[in-house]
Amino acid sequence: MRKLTAARLREILGAGEILGDPYRSVTGVSPPEEAAEGDLTFVFSKKWLQSLPQVRASVVVLPYIEGLTPPSSATYILVERIEESMIRLLSLFLPSAVTLREGISPMAFVSPLATLEEGVRVYPFAFVDDGAHVGKGAVIMSHVFIGRDARIGEGVLLYPGAVVYPGVVIEKDSIIHAGAVLGADGFGYVESQGRRIKIPQVGKVRIGEKVEIGANTCVDRATMGMTVVGEGTKVDNLVQIGHNVKIGEHCAFAAQVGISGSVRIGDRVLMGGQAGVADHASIGSNSMIGAKSGIAGRVPEGAIVMGSPALPHRLFKRVQGALTKLPEIVKRVRTLEKALERMKDERDGY
Amino acid sequence: MRKLTAARLREILGAGEILGDPYRSVTGVSPPEEAAEGDLTFVFSKKWLQSLPQVRASVVVLPYIEGLTPPSSATYILVERIEESMIRLLSLFLPSAVTLREGISPMAFVSPLATLEEGVRVYPFAFVDDGAHVGKGAVIMSHVFIGRDARIGEGVLLYPGAVVYPGVVIEKDSIIHAGAVLGADGFGYVESQGRRIKIPQVGKVRIGEKVEIGANTCVDRATMGMTVVGEGTKVDNLVQIGHNVKIGEHCAFAAQVGISGSVRIGDRVLMGGQAGVADHASIGSNSMIGAKSGIAGRVPEGAIVMGSPALPHRLFKRVQGALTKLPEIVKRVRTLEKALERMKDERDGY
Amino acid sequence: MRKLTAARLREILGAGEILGDPYRSVTGVSPPEEAAEGDLTFVFSKKWLQSLPQVRASVVVLPYIEGLTPPSSATYILVERIEESMIRLLSLFLPSAVTLREGISPMAFVSPLATLEEGVRVYPFAFVDDGAHVGKGAVIMSHVFIGRDARIGEGVLLYPGAVVYPGVVIEKDSIIHAGAVLGADGFGYVESQGRRIKIPQVGKVRIGEKVEIGANTCVDRATMGMTVVGEGTKVDNLVQIGHNVKIGEHCAFAAQVGISGSVRIGDRVLMGGQAGVADHASIGSNSMIGAKSGIAGRVPEGAIVMGSPALPHRLFKRVQGALTKLPEIVKRVRTLEKALERMKDERDGY
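The sections below set out a description of the structure shown in this document. From a predicted model like this one, the values you see are computed outputs, not experimental measurements.

A word on the relation of the copies chain A and chain C. You can overlay chain A on chain C at an RMSD of 0.1 Å; the transform is a turn of 120° with a shift of 0.1 Å along its axis. Interpreted geometrically, this transformation is the action of a three-fold axis.

Time to look at the pairing of strand β22 (residues 195–198) of chain C. All names here are of chain C. Here strand β21 (residues 189–192) runs beside β22; their pairing, made up of 4 bridges, is antiparallel. The residue bridging S192 from the neighbouring strand is R195, located in β22. Linkage of β21 to β22, two consecutive antiparallel strands, is achieved through a turn of 2 residues, within which Q193 is found at a positive phi near 50°.

Let us look at the interface of chain A and chain C. Each partner contributes to the interface: chain A provides 54 residues, whereas chain C provides 58 residues. Contributing elements (two or more residues each) for the side of chain A that touches chain C: α3 (82–90), α4 (313–323) and α5 (326–347) of chain A. Sorting elements by how many residues they give to the side of chain A that touches chain C places α5 of chain A first, with 8 residues. Split into classes, the residues belonging to the side of chain A that touches chain C amount to 29 nonpolar, 18 polar and 7 charged.

To continue, consider the interface of chain A and chain B. Taken together, the contact pairs 58 residues of chain A with 54 residues of chain B. Going through the elements one at a time, β21 (189–192), β22 (195–198), α4 and α5 of chain A are the ones with two or more residues in the side of chain A that touches chain B. In terms of residue count, α5 of chain A provides more of the side of chain A that touches chain B than any other element does, 7 residues in total.

Here we take up the sheet that holds strand β4 (residues 28–29) of chain C. Residues and elements named next belong to chain C. Read across the open sheet, the 5 strands follow the order β2-β7-β6-β5-β4; overall the sheet is mixed. What marks the edges here is a single partner per strand, and that holds for β2 (17–19) and β4. By the bridge criterion, 3 bridges tie strand β5 (residues 39–42) to strand β6 (residues 59–63) in an arrangement that is parallel. Bridged to F42 within β6 is V61.

Time to look at the environment of Y123 of chain A. Secondary-structure assignment places Y123 of chain A in the loop between β10 (121–122) and β11 (127–128). For Y123 of chain A and V144 of chain A, which are 21 residues apart along the polypeptide, the C-alpha to C-alpha distance reads 8.7 Å. For Y123 of chain A, the contacting residues outside a window of four places in its chain are L100, S105, A108, I140, M141 and S142 of chain A together with F127 of chain C.

This paragraph deals with the nonpolar core. Ranked by size, the top nonpolar core spans 249 residues in total, and within it I140 of chain A, I140 of chain B together with I140 of chain C carry the most contacts. No other element matches strand β20 (residues 181–184) of chain B, which puts 3 residues into this core. Those residues in contact with I140 of chain B, other than ones at most four positions away along the chain, are R121, V122, Y123, A126, V128, V134, I146 and L158 of chain B.

Moving on: the sheet that holds strand β6 (residues 59–63) of chain B. Residue and element names in this part refer to chain B. Strand order in the open sheet formed by 5 strands is β2-β7-β6-β5-β4, with mixed pairing between adjacent strands. The open sheet has two free edges, formed respectively by β2 (17–19) and β4 (28–29), since each of these has just one partner strand. With 3 bridges connecting them, β2 and strand β7 (residues 75–79) associate as antiparallel partners. Bridge assignment links I18 to a residue of β7, and that residue is I77.

Attention now moves to the environment of A114 of chain B. Structurally, the position occupied by A114 of chain B is in the loop between β8 (109–110) and β9 (115–116). Not counting chain neighbours up to four residues away, the residues in contact with A114 of chain B comprise V128, D129, D130, G131 and A132 of chain B.

Before going further, it helps to spend a moment on helix α3 (residues 82–90) of chain B. Residue and element names in this part refer to chain B. The set of residues buried in α3 consists of S85, M86, L89 and L90. Within α3, the buried residues cover an arc of 120° as seen down the axis, which keeps them to one side. In this structure, the buried side of α3 is in contact with α1 (6–13), β4, β5 (39–42), β6 and β7.

As a further point, take unusual backbone geometry. For residues besides glycine, phi is generally negative; the peptide bonds are generally trans as well. Residues and elements named next belong to chain A. Backbone torsion omega between S308 and P309 reads -5°, so that peptide bond is classified as cis. By the secondary structure assignment, P309 is in the loop between β39 (304–306) and β40 (311–312). Of note, N286 is a non-glycine position whose phi angle comes to about 60°, a positive value. Within the secondary structure layout, N286 lies in the loop between β35 (282–283) and β36 (288–289). Given 17 C-beta atoms within 10 Å, N286 falls into the partly exposed group.

Rules of the game
Residues numbered from 1 in each chain as written. Chains lettered and ligands numbered in written order. Predicted model: local features only at pLDDT ≥ 70, side-chain atom pairs only at ≥ 80, totals over all residues. Least-squares fit on C-alpha atoms with pLDDT ≥ 70 in both. Pairing = 2+ DSSP bridges. Helix = DSSP H or I, 4+ residues; strand = E, 2+ residues; numbered from the N terminus. Contact = placed C-beta atoms within 7 Å. Nonpolar A, V, L, I, M, F, W, Y, C, P; charged D, E, K, R; others polar. Core = buried A, V, L, I, M, F, W, Y, C linked by C-beta atoms within 7 Å. Buried ≥ 20, exposed ≤ 12 C-beta atoms within 10 Å, placed from the backbone. Arc of directions from axis to C-beta.

Put into structure tokens, the structure is as follows:
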């Protein structure tokens, strides 16, 4: 393991103030609650800023705060932009997932009718079919399947077991995690006399640039035309994206979200885990969909919605608050009815 | 790309009336909103029938309507059965997922104790274990695993990475999408002193004829006996079907549905996405289960239910409608109580 | 198929009383509703104990009950511990998933820089990367990927297509089902001007001893530190476990559960299917989370909660009961308001 001193870390950051011994070194990185001697950590939550003396790391990177004095066991690096600094320094500890130094494993299958640009690495047991095109520096790990005429952009990283059906397009610098399936048939049938007849799914999938697709996530091919995931959109694990869905740019969808066929989603939309969207729904840009929400119809731009069926989040919270009072309300209504009945009876002289 | 004239398309359909130039040709197919010159499209939604002049396709197939005149850029083909016509013509544009022309790749592993009937195609890196039997014309794509004594019917198509555990049976003409897992152990344990002891899962899975199993869907083997998916049933992606479940014929389950152990489901049951069914529940034929519903106990034949816990759909809609009024109702009950109190006080002369 | 007599089964159990012909034999095992001649079955549900004469099995194992007389077609074995007996006898019928008798297939790829202890079996098309360590007797089936420096414990069973990212640790005797992905990147980004910048995910995953991970389940690597699944915990299919989650011992999570980042879960926690847990939530030991529940914040030790947002289960049931009355309550409140209005009007002499 490589040793890095606080001075070296500050140098890599290009900015920041060191408090304590600049020659103290680290060999690993941990979250504050797990950090031990020899670890680097980052502190920016209120909770941990208030408990700084309990952080056991040797080097702590944190935002500028007046009047801090590190304990003798730690060196502090005060920085302007804690999140940027964290990203910069974490990358030093990133174990490369890619061990294959270069070239195409003789244990892979690459069709002579496929085109691979320079610097492509193909692991043992990967399969690349006729007519596929793989851009410069892309990495195709073991058990990846790339179907006929698929196009894999420059620098794309396909983790083990990812499946790219024929004709699917992945733009440059996207990351596809293990077991993701891009381009399986959309779920489209015509009913006839109680049976379902398959509608041929002749469309494709296009994954934009710098997209990340989570492990075991599925993006179905369009019936006709394209299913699209826009540039910079991040999709977590086990998500379903149905046929003909169009997703804009820089969205983020948490795990187990389900998006039915022909849904339209704008840019920078956030969805919480296990949210579901009914077919043909339309979701405006900059909106936020709460975890477990059920969406149908139209969500306006910038809206924040929750619940199933989804409500504007303020209404949702008021409804949820009222809901726990409901059993009591039922009783109180009964009591009111009786009281009123009694008053009427009294008035009428019974 | 192959060119197809309107006249040729009509000939393939065997019926239909051409309006406009019968020699206009198409090379692709698109949905109406994306269609451009050179495309075939199909119009049958009310929305698009009303916006026909905005459809940019060269050839438009649509239902018989009186008095239509195509613009000079388009040829119309009027048909009796638009959905059937669409299925027929789409199939002309279907890119075959299967490129392997014939035989068993020398880069596959097929046990000498397995039996493969004629016309079976096995892709590189597929694994077929001892005692497995694969029927005529079945296609086994890359990274498929077929366990010991499994039986794969005639014409079955196993997409890349599908896993068939030992002893699983798939009847003819079924399609298993990428990453689907058939026959993993059911989730069965006996608790003993706060620990869980595994119940050996010795049963099997039977997938009926013409079934479609979506990508990354899991169907668990029975503890004893069989987990069954009936003929013609279509299952979308990322669905969980637990041990000992029995599913009837011609059902359709949308993505991310979860069906717990020992559930019984009749024929032609439809389930919306992310619906969940508790163990030992029983669902009658021809019923419809709304998206995100939570089912326990018994759903009668032909019922339409929604919500979690599920309610008959009319009641569900009324409850949901009332729910948004709940915060106000709480206030109104309080107001009523105060008003009544005041009236009593007045009456009593306070 | 091997024949086993009732006498032999009793001998294997080491205890139990035989009623009927001790030489009656079985060749298979089935649940009571499917059992036929030649089958062994187990009866312990109330329902089937009351319908014993309808059970068609040749040998029935059941709890001690006074005064039973088997029909001429069946032999009964009465036992003290029906569940233990079932586990013991079912294991006799377990078809081994593992056919590879020994060694490392020449069709696998095992890095010369990996260490495999004795008795490890590696199937064709498995991939074991540099620095990986595989313990005694572990089984690595086809299309398994084991990343750099991963550690696989003694006796671990990795089913086809399981993916172990670099650095992941699996302790001994754990079972990882097909398509499970251990160690994919956590879903961590920093937002900057409407875009998401990836936080390098440098942490690891540790799967404890005797854990079972279901098919296509995902356990993400920590951003820093460890994502942990504790000893004896059983996780069903299609479950998501986010980065930095810590799960205690002997928990059981049903299919499609979703656990967001940094969640803390105690020991012996049970979760029903499709339950979801928001990030940073904390769930006490011995608690039970109902199916489809949505958890945020803190669940105390031993609590039973349901619903989304989750409520204590008694309150949840009362709220659900009251909910169906809500549309009527809205009407009754309106009626009360009118009645009160009328009374006031009358009193005021209108």
